[in-house]
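# Fold and geometry: a report
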Amino acid sequence: GGRPQTSKPGIPGIDRIVAVASGKGGVGKSTTAVNLALGLRDLGLKVGILDADIYGPSIPRLLALKDKPQSAGGRMIKSLDAYGLKAMSIGLLVEEETAMIWRGPMVVSALTQMMREVEWGPLDILVVDMPPGTGDAQLTMAQQVPLAGSVIVSTPQDLSLIDARRGIAMFRKVDVPVLGIVENMSYFIAPDTGARYDIFGHGGAEAEARRLSVPFLGAVPLDMNIRVRSDEGVPIVQAEPDGPHAEIYRDMAARTL
Ligand code: ADP
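The following refers to the structure shown. (Residues numbered from 1 in each chain as written. Predicted model: local features only at pLDDT ≥ 70, side-chain atom pairs only at ≥ 80, totals over all residues.)

### Some words on the site of the ligand
- In the vicinity of the ligand lie 18 residues, with Gly28, Lys29, Ser30, Thr31 and Arg227 positioned nearest.
- Of all the secondary-structure elements, those providing two or more residues to the shell around the ligand are helix H1 (29-42) and helix H8 (224-232).
- The residue makeup of the shell around the ligand, split by class, is six nonpolar, nine polar and three charged. (Near = placed C-beta within 6 Å. Helix = DSSP H or I, 4+ residues; strand = E, 2+ residues; numbered from the N terminus. Nonpolar A, V, L, I, M, F, W, Y, C, P; charged D, E, K, R; others polar.)

Below, the structure written as structure tokens:
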């Protein structure tokens, strides 16, 4: 596992901050972030999830957050509860059109504010759903937020992998340990026949992880239930704790520690 960077002040009460990142949008970064957080919860940890995806905050939908954030007195706001996770989303605090045009430094100040001025309670780990990409906002974040490590999500496809490679290079440049790569939409099992299809190819991320000497954290299939459960606001690890997907995410969680 990684350790906090000594050059950046940590956040009191939060042991480790782990960023879930991707080189581009639509690869399943947010889906991975919530299910990874629930997997960590299942391992007995106190877990928070912070939605920092300024370009499309989706945690409120994924966790069916209905309550408006409440003041906790002074500058502090209360975190929300979802399935035993503490949660907060930039989407609940700032108009999306406003956040989208922010440059890196503004993203970082909003983010550190959400870390410091949300009452998280003591957390073993805060999972941060990063904005996709490797631009100025992401780089500044990786540089200035005291990250213990990063998890990179990619599909097996070449294009997505090239973007993931950029993400890894970015975190390495700022000395944030890359905890590993997740291959999402890795394969598809037809529910009627059980036949397996490698829709986006398969194993690309695992091969890439080996090539770059970063851990491979797991392969998640393309599965309609994962999408349906997400849309319902009950992520698959919560909805089907004894199913095969929950096990994949719990294994993934264990590998990040
Ligand atoms: P990102 O955060 O990278 O933009 P999302 O997590 O929002 O991606 O996922 C994009 C879409 O793909 C969502 O509709 C989500 O439910 C779906 N999705 C993500 N991962 C899977 C998967 N393994 N199987 C099926 N659908 C998935």
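Having seen it, we continue.
### Describing the sheet that holds strand E8 (residues 149-154)
- Strand order in this open sheet of eight strands is E4-E5-E2-E7-E1-E8-E9-E12, and the pairing throughout is mixed. One side of each edge strand has no neighbouring strand; the edge strands of this open sheet are strand E4 (80-82) and strand E12 (216-220). Sheet twist, expressed as the average angle between the axes of neighbouring strands with direction ignored, equals 25 degrees.
- In this structure, E4 lies alongside strand E5 (residues 85-89), joined through three bridges in antiparallel fashion. From the neighbouring strand, Ala82 faces E5, where its bridge partner is Leu85. (Pairing = 2+ DSSP bridges. Axes fitted to C-alpha atoms, helices over the stretch in contact; angles between N-to-C directions.)

### Examining the pairing of strand E7 (residues 123-129)
- For E7, a buried count of six out of seven residues is recorded, marking the element as mostly surrounded by other parts of the structure.
- Bridging between strand E2 (residues 47-51) and E7 involves five bridges; their strand directions are parallel. Considered in E7, the bridge of Ile49 is made with Val127. (Buried ≥ 20, exposed ≤ 12 C-beta atoms within 10 Å, placed from the backbone.)

### Topic: the nonpolar core
- By size, the foremost hydrophobic cluster in this structure holds 73 residues, and its most contacted members are Val20, Leu36, Ala37, Ile49, Val127 and Val128.
- With residues near it in sequence (within four places) discarded, Val127 still touches Val18, Val20, Ala33, Leu36, Ala37, Val47 and Ile49. (Core = buried A, V, L, I, M, F, W, Y, C linked by C-beta atoms within 7 Å. Contact = placed C-beta atoms within 7 Å.)

### Thoughts on the packing of helix H4 (residues 104-116) against helix H5 (residues 136-144)
- Packing of H4 against H5 brings their axes to within 7 Å, and their N-to-C directions diverge by 45 degrees. Comparing their axes, H5 and H4 come out oblique. Of the two possible hands of crossing, H4 and H5 adopt the one that is right-handed. Residues Gly104, Pro105, Val107, Val108 and Leu111 of H4 pack against Asp136, Ala137, Leu139, Thr140, Met141 and Gln144 of H5.
- Of the residues that constitute the contact of H4 with H5, the class distribution is seven nonpolar, three polar and one charged. (Parallel < 35°, antiparallel > 145°, perpendicular 65-115°, else oblique. Left-handed = near helix turned anticlockwise from the far one by under 90°.)

What is shown is where atoms sit, not what they do.
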